[in-house]
Amino acid sequence: MSTVSVDRIQPRQYAVNETRYYSVSQVLQVLTGETYAYGSTEAMQRGTDIHAWFAWAVNAYAGNDAEQPDLSADHAPYMQGIYDWLSVAKPLPMMIEEPSVCKVYGLEFAGTPDLLASVLHGGKRKMALIDLKTGQPNDAHRIQVQSYSRLAGYTGAEVLLVLYVSKDGFKTVTVKKSPRDWAAFQSALSVLAWRETH
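Since the model is a prediction, treat every value here as computed from it, not as a measurement.

(A) Expanded view of the sheet that holds strand β3 (residues 19-23). Taken together, five strands build an open sheet; the order of strands is β1-β2-β3-β6-β5 and the sheet is mixed. The open sheet is flanked by β1 (4-6) and β5 (100-101), the only strands paired with a single partner. The pairing of β1 with strand β2 (residues 14-16) spans three bridges and is antiparallel. In the strand pairing of β2, V6 is matched with Y14.

(B) Summary view of the packing of aromatic side chains. Enumeration according to the criterion identifies five aromatic pairs in this entry. Measuring from ring centre to ring centre gives 4.9 Å for F109 and F185, while their planes differ by 70°; the resulting arrangement is edge-to-face. Of this pair, F109 sits in strand β6 (residues 109-111) while F185 sits in helix α5 (residues 179-196), and the two are 76 residues apart along the sequence. Like F185, F109 is buried. Every member of this aromatic cluster is reached through a ring pair, and the members are F109, W182 and F185. A cation sits over an aromatic face here: R150 above W182, 4.0 Å from the ring centre. Positioned above the aromatic ring of Y164, the side-chain terminus of K171 is 5.6 Å from the ring centre.

(C) Layout of the sheet that holds strand β4 (residues 92-96). Overall, mixed pairing links the five strands, which are arranged β4-β7-β8-β9-β10 in an open sheet. Unpaired on one side and paired on the other, β4 and β10 (169-175) mark the two borders of the sheet. Going from strand to strand, the sheet's axes swing by 35° on average, the running direction of each strand aside. Across six bridges, strand β8 (residues 124-133) lies against strand β9 (residues 159-166) in parallel orientation. Its bridge partner lying in β9, K133 is registered against Y164. The strands touched by helix α2 (residues 41-61) within the sheet are β4, β7 (115-121), β8 and β9, with β4 carrying the most contacts at an inclination of about 135°. Running over the sheet, helix α3 (residues 78-89) touches β7, β8, β9 and β10 and is turned about 55° from β10.

(D) Highlighting the nonpolar core. Counting 25 residues, the largest nonpolar core has V27, F109, L129 and F185 as the members making the most contacts within it. Among the elements of the structure, α1 (24-32), α4 (139-148), β9 and α5 are those that each provide at least two residues to this core. With five residues, α5 is the single largest residue contributor to this core. Counting 24 residues, the second largest nonpolar core, distinct from the first, contains I50, I82, A89 and A128.

(E) Inspection of the packing of α1 against α4 at higher detail. Put simply, α1 and α4 touch, their axes get as near as 11 Å, and they point 140° apart. The angle between the axes of α1 and α4 places the two elements in the oblique class. Both α1 and α4 take part in a crossing whose hand is right-handed. Where α1 abuts α4, its residues V24, L28, L31 and T32 lie against A140, I143, Q144, S147 and Y148. For the contact of α1 with α4, the residue count by class is six nonpolar, three polar and no charged.

Definitions and limits used
- Residues numbered from 1 in each chain as written.
- Predicted model: local features only at pLDDT ≥ 70, side-chain atom pairs only at ≥ 80, totals over all residues.
- Heavy atoms only, no water.
- Pairing = 2+ DSSP bridges.
- Helix = DSSP H or I, 4+ residues; strand = E, 2+ residues; numbered from the N terminus.
- Phe/Tyr/Trp six-rings, centres within 6.5 Å; stacked < 30°, edge-to-face > 60°.
- Buried < 20%, exposed > 50% of the residue type's maximum accessible area, 1.4 Å probe, protein only.
- Lys NZ or Arg CZ within 6 Å of the ring centre and 35° of its normal.
- Axes fitted to C-alpha atoms, helices over the stretch in contact; angles between N-to-C directions.
- Contact = heavy atoms within 4.5 Å.
- Core = buried A, V, L, I, M, F, W, Y, C linked by side-chain atoms within 4.5 Å.
- Parallel < 35°, antiparallel > 145°, perpendicular 65-115°, else oblique.
- Left-handed = near helix turned anticlockwise from the far one by under 90°.
- Nonpolar A, V, L, I, M, F, W, Y, C, P; charged D, E, K, R; others polar.

Below, the structure written as structure tokens:
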């Protein structure tokens, strides 16, 4: 099995063997004009901290051994929202922060979804692709989770969710696949490829 590597300073941030791929974040930046994935230094550190803690908490909930990450005291209040979500969703993780690439010919992009897990959703257990956010809702989040569902290993997700965690708790948003969103993402990917040759 090939290992997917990530180098954020490369023009194409992901690599498998000799092939490089654009990241979902790079494509969304072209689409929205915003660097939402890498906002302020404080927001970036908060996101990094809480994502690490989320991965640990999901593993711990499932009974998997993992080293507990450090967490800034400023970010600790976000943890209650994660614990509350765990108690409601009862996730059985399949993949946690595992990078993957799109295998569709001509679509050279990759990403690292936060979680693929069987969760309780609408009173039933369903396979869900979950993207964790610590900031304000944004249209790009909806497109991001849809693009993740096109990555190898994640295509079997029955439900796409954006999990918003704040100091006040959590909120989940169910994302429906949209042909318009997918077309916009592919167009932005084409723009990236065009820029590379001009």
